[in-house]
Amino acid sequence: MIDALFTQEVQLGIDIATSATIIGAMLSWFIESRRQAKKSRERGISDQARASSLSKVQSILYEFENSFSDLIASAQTFERPIDNRSGDRLGEYLRHHPEFIDVSSERLGNFYQEVDRFYESIQKRRYSLLPVLDSLHSGDKFMYDLKQDIQQVGELYNKLNSGWSQLLREFHAVYKEYYPIVLADENHNKSQEEMVGLLLEREDYIRAMLSILLDKSYWTWVESFVPKEMEEAYRTMLETNERDAAALNRAAVNFTGHLLKDPYRLFAQILRRTSVEVQTARIECKDILIKLSALTHKLLSNQEVNLDDLIKKYETEDYLGKERFIH
């Protein structure tokens, strides 16, 4: 009886210990299952968020690509005929085809409209892009860089309404209004000095000319009409708005003389510099697309990748060639 009771107590102790082990194992399994389930849910939410962000970025990128394609087509229509005529060839071409000046002005206006559309689409879509960037690790710097790019496109957009592009419009207006005077029958036998004096007696011409000569944003071009010894005085005049009659008169005579003698060489100078402005604008627009392409890569990748490194890689000639490739 005692032996049987002892055996029963030992068996009961073993059963209790076994049950405790099983319950402990089940509890550990349950906790681990809950933890794994939570991780799976979080991973699922993360994957869903990543997929949603990727879809949004790709949609925006596709929209920008279409707008950029139109912008590039417009830029190339303006740039190529200018850039393909090196040296004095552009001036000679303009001499025999003065209608090309009107054509170029119209093409420049078309490019300006495409930059306007591209800029407006960026401004509109930034409300969709910024939350995506804000949710990314190290997204703050990317967001800052992208905002800087958008700002630079805006500045270039405004610059196309000033700088060389505006100079082209102003000089073109002066040329169309006053160069025909040179061709008038009654002026055929007049010397260039007489013709310069004839124009400088006209108040309307003087106003149009001074609008160019006194605009300090045109200085790098106007400088060529200012005698070397008067450059410092002329620059001071532009900064202070205090007229220096001697420097201004010399610049006015030289400008008018070149307008009458060879306006096409002057047009060639302005068109070349305007072409550089157009090129700078399209490269800046392309920079935004490169950044969005890098962002797409990051969202597609399950690994942690550095956006700055991706952007630098995509800018190289092995990938999207920011400065070398047009598209």
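Below or above, wherever it landed, is the structure these notes cover.

Rules of the game
- Residues numbered from 1 in each chain as written.
- Predicted model: local features only at pLDDT ≥ 70, side-chain atom pairs only at ≥ 80, totals over all residues.
- Heavy atoms only, no water.
- Helix = DSSP H or I, 4+ residues; strand = E, 2+ residues; numbered from the N terminus.
- Buried < 20%, exposed > 50% of the residue type's maximum accessible area, 1.4 Å probe, protein only.
- Contact = heavy atoms within 4.5 Å.
- Salt bridge = Lys/Arg side-chain N within 4 Å of Asp/Glu carboxyl O.
- Core = buried A, V, L, I, M, F, W, Y, C linked by side-chain atoms within 4.5 Å.
- Polar contact = N/O pair within 3.5 Å; in protein donor to acceptor, adjacent residues only side chain to side chain.
- Axes fitted to C-alpha atoms, helices over the stretch in contact; angles between N-to-C directions.
- Parallel < 35°, antiparallel > 145°, perpendicular 65-115°, else oblique.
- Left-handed = near helix turned anticlockwise from the far one by under 90°.
- Nonpolar A, V, L, I, M, F, W, Y, C, P; charged D, E, K, R; others polar.
- Phe/Tyr/Trp six-rings, centres within 6.5 Å; stacked < 30°, edge-to-face > 60°.
- Lys NZ or Arg CZ within 6 Å of the ring centre and 35° of its normal.

### Describing the overall build of the chain
And then number 1: Regarding its fold elements, the chain presents 12 helices and 0 strands.
And then number 2: Counting helices and strands in the order they occur from the N terminus, the chain gives α-α-α-α-α-α-α-α-α-α-α-α.
And then number 3: Residues classed as buried in the chain amount to 40% of the 327 residues present.
And then number 4: The contacts of the chain with a sequence gap of at least 6 include a subset with a gap of at least 24, amounting to 74%.

### Some remarks on unusual backbone geometry
And then number 1: In this model, asparagine 241 sits at a positive phi of 65 degrees, which is unusual for a non-glycine residue.
And then number 2: Considering the arrangement of structural elements, one finds asparagine 241 in the loop between α9 (231–240) and α10 (245–261).
And then number 3: The exposure class of asparagine 241 is exposed, given its relative accessible area of 66%.

### So, the pattern of salt bridges
And then number 1: One pass over the full model with this rule turns up 14 salt bridges.
And then number 2: As a salt-bridge pair, aspartate 149 and lysine 291 come within 2.9 Å of each other at their nearest N and O atoms. A residue pair is termed long-range when its members are at least 10 positions apart, and aspartate 149 in helix α4 (residues 139–159) and lysine 291 in helix α11 (residues 263–300) qualify at 142 residues.
And then number 3: When its relative accessible area of 7% is taken as the criterion, lysine 291 is described as buried.
And then number 4: Here aspartate 287 ties to lysine 291 by a salt bridge, and the two come within 3.1 Å at their closest N and O atoms. Placement of the pair is aspartate 287 and lysine 291 together in helix α11, with a separation of 4 residues, close to one helical turn.

### A few points about the nonpolar core
And then number 1: Counting 90 residues, the largest nonpolar core has Trp221 and Tyr234 as its most contacted members.
And then number 2: In terms of residue count, the dominant contributor to this core is α11 (16 residues).
And then number 3: When residues no more than four places from it in sequence are discounted, the contact partners of tyrosine 234 are Leu213, Leu214, Trp219, Val222, Val226, Ala247, Leu248 and Ala251.

### A short note on the side chain of aspartate 287
And then number 1: On the basis of relative accessible area, aspartate 287 is assigned to the buried category, the value being 3%.
And then number 2: Here the side chain of aspartate 287 touches lysine 322 through a polar contact of 3.4 Å, side chain to side chain.
And then number 3: If we skip the residues at most four places from it in the chain, aspartate 287 touches Asp149, Glu315 and Lys322.

### Quick word on the side chain of aspartate 145
And then number 1: Within the fold, aspartate 145 resides in helix α4.
And then number 2: Given a relative accessible area of 18%, aspartate 145 falls into the buried group.
And then number 3: Apart from the residues within four sequence positions on either side, aspartate 145 is in contact with Lys291 and Asp308.

### Some remarks on the environment of proline 131
And then number 1: With respect to the secondary-structure elements, proline 131 resides in helix α3 (residues 99–134).
And then number 2: Residues proline 131 and serine 53, spaced 78 residues apart in sequence, show a C-alpha to C-alpha distance of 9.2 Å.

### Notes on the packing of helix α5 (residues 163–183) against helix α6 (residues 192–200)
Between two packed helices, what matters for the description is the angle formed by their axes and the separation of those axes.
And then number 1: Where α5 meets α6, the closest approach of the two axes is 11 Å, and the angle between their N-to-C directions is 140 degrees. Taken together, the axis directions place α5 and α6 in an arrangement best described as oblique. Here α5 runs over α6; the crossing is right-handed. Every residue of α6 that contacts α5 at Tyr178, Ile181 and Val182 is listed here: Met195, Leu198 and Leu199.
And then number 2: Along the lines of polarity and charge, the residues of the contact of α5 with α6 split into 6 nonpolar, no polar and no charged.

### Describing the packing of aromatic side chains
A ring pair, where both rings are aromatic, is described by two values, the distance of the centres and the angle of the planes.
And then number 1: Applying the stated criterion across every chain, the model contains 16 aromatic pairs.
And then number 2: With 6.2 Å between their ring centres and 55 degrees between their planes, phenylalanine 68 and phenylalanine 118 make a pair best called tilted. With phenylalanine 68 in helix α1 (residues 2–83) and phenylalanine 118 in helix α3, this residue pair connects regions lying 50 residues apart in the sequence.
And then number 3: Owing to a relative accessible area of 5%, phenylalanine 68 belongs among the buried residues under this scheme.
And then number 4: Ring pairing ties together the aromatic residues Phe171, Tyr175, Tyr179, Trp221, Phe225, Phe255, Tyr264 and Phe267, which thus form one cluster.
And then number 5: Looking at arginine 85, its charged tip hangs above the ring of tyrosine 93, at a distance of 3.7 Å from the centre.

Spatial relationships are all this shows, so hold off on functional conclusions.
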